[in-house]
Amino acid sequence: MNSSEKPRLLATISSEALIGIGITVAWLGLMCLLLGWAQHMRSVPKSAFLWLGLGAVLFVLGGLAAVSAKSRDSRRRIRPDRVRPSDVPQEKAQSKPEESEPEEERL
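Sequence order as written defines residue numbering, which begins from 1 separately in each chain. Per-residue local features are limited, in this predicted model, to residues with pLDDT of at least 70; the limit for side-chain atom pairs, both in listing and counting, is 80 or more; totals at the level of whole chains, interfaces and linings are taken over all residues. With hydrogens and water stripped out, all remaining heavy atoms of the structure feed into the side-chain values.

1. Things to note about the overall build of the protein
Here is the rule we go by: Only DSSP runs of H or I reaching four residues or more are called helices, and only runs of E reaching two or more are called strands; each is numbered from the N terminus. A simple rule labels every residue: compare its accessible area, found with a 1.4 Å probe on the protein chains alone, to the largest value its type can have, and call it buried under 20%, exposed over 50%, or partly exposed in between. The contact rule is simple, with two residues in contact once any of their heavy atoms fall within 4.5 Å. Surface exposure here means Shrake-Rupley accessible area, sampled with a 1.4 Å probe, where a residue is shielded only by the protein chains that are shown.
For the protein, the count of helices and strands is four helices and zero strands. In the protein, which comprises 107 residues, the share counted as buried stands at 12%. Residue pairs in contact within the protein that sit at least 24 positions apart in sequence constitute 60% of those at least 6 positions apart. Only carbon and sulfur atoms are counted for the fraction: they give 61% of the accessible area of the protein, which is about 9800 Å².

2. Things to note about the environment of Leu-54
Within the secondary structure, Leu-54 is located in helix 2 (residues 45–75). Classification of Leu-54 as partly exposed rests on a relative accessible area of 38%. Separated by 24 residues in sequence, Leu-54 and Leu-30 place their C-alpha atoms 9.6 Å apart.

3. Digging into the side chain of Gln-39
Looking at where Gln-39 falls in the secondary structure, it is placed in helix 1 (residues 15–41). On the accessibility criterion, Gln-39 (13% relative accessible area) is buried. With residues near it in sequence (within four places) discarded, Gln-39 still touches Val-44, Ser-47, Ala-48 and Trp-51.

4. Some details on a nonpolar patch on the surface
Quick reminder of the rule: Each patch is built from residues lacking any salt bridge and having more than 30% relative accessible area; the joining distance is 9 Å for like charges and 5 Å for nonpolar side chains (Val, Leu, Ile, Met, Phe, Trp, Tyr). Counted as salt bridges are all cases of a side-chain nitrogen of Lys or Arg within 4 Å of a carboxyl oxygen of Asp or Glu.
A contiguous nonpolar surface patch, about 590 Å² in accessible area, is contributed by Trp-27, Met-31, Leu-34, Trp-37 and Met-41. Following the sequence through the fold, Met-41 ends up in helix 1.

5. Quick look at the environment of Lys-46
With respect to the helices, strands and loops of the structure, Lys-46 is situated in helix 2. Judged by relative accessible area, Lys-46 falls into the exposed class, the value being 75%. Sequence-wise, Lys-46 and Gly-36 are ten residues apart; in three dimensions their C-alpha atoms are separated by 9.6 Å.

6. Concerning helix 1
The line we're drawing: How far a helix is expected to stretch is found by multiplying one less than its residue total by 1.5 Å.
Its 27 residues give helix 1 an end-to-end C-alpha distance of 39 Å, which sits within 8% of 39 Å, the value for a rise of 1.5 Å per residue. If you check which residues of helix 1 are buried, you get Ser-15, Leu-18, Gly-22, Ala-26, Gly-29, Cys-32, Gly-36 and Gln-39. The first or second residue beyond helix 1 is Ser-43, which carries a positive phi of 65°.

7. Here we look at the confidence of the model for the protein
This is how the line gets drawn: How sure the predictor is of each residue is captured by pLDDT, a score from 0 to 100.
Residues of the protein with pLDDT of at least 70 account for 54%, and the chain-wide mean is 77. Ranking the elements of the protein by mean pLDDT puts helix 3 (residues 90–94) last with 56 and helix 1 first with 93.

8. Section: unusual backbone geometry
Leaving glycine out, the prevailing phi sign among residues is negative, and the prevailing peptide bond configuration is trans. You will see that Ser-43, though not glycine, has its phi angle at about 65°, which is positive. In this fold, Ser-43 is placed in the loop between helix 1 and helix 2. Owing to a relative accessible area of 60%, Ser-43 belongs among the exposed residues under this scheme.

See the structure below:
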């Protein structure tokens, strides 16, 4: 089989998992910010700047990851052929579609 004939498989991650990873990274960033502030209060400036910088970067990246996952999920459209019968409300599932009137009777 040629390499051009092989199908490409893409790894995907669910929106919930991406939100969880983003929240975890943001939480670690907050912890680094607090550690940097504590080092600053102890008068250890080199260590404080390292922790404060790392904490700010992690906090921003984690927040962006969590927000981007929510916006990507809200843009997703559900295809009608992919809806399970359990997702359709019972009223619509049991009712028959109304037949449209012929053109002659409407006039």
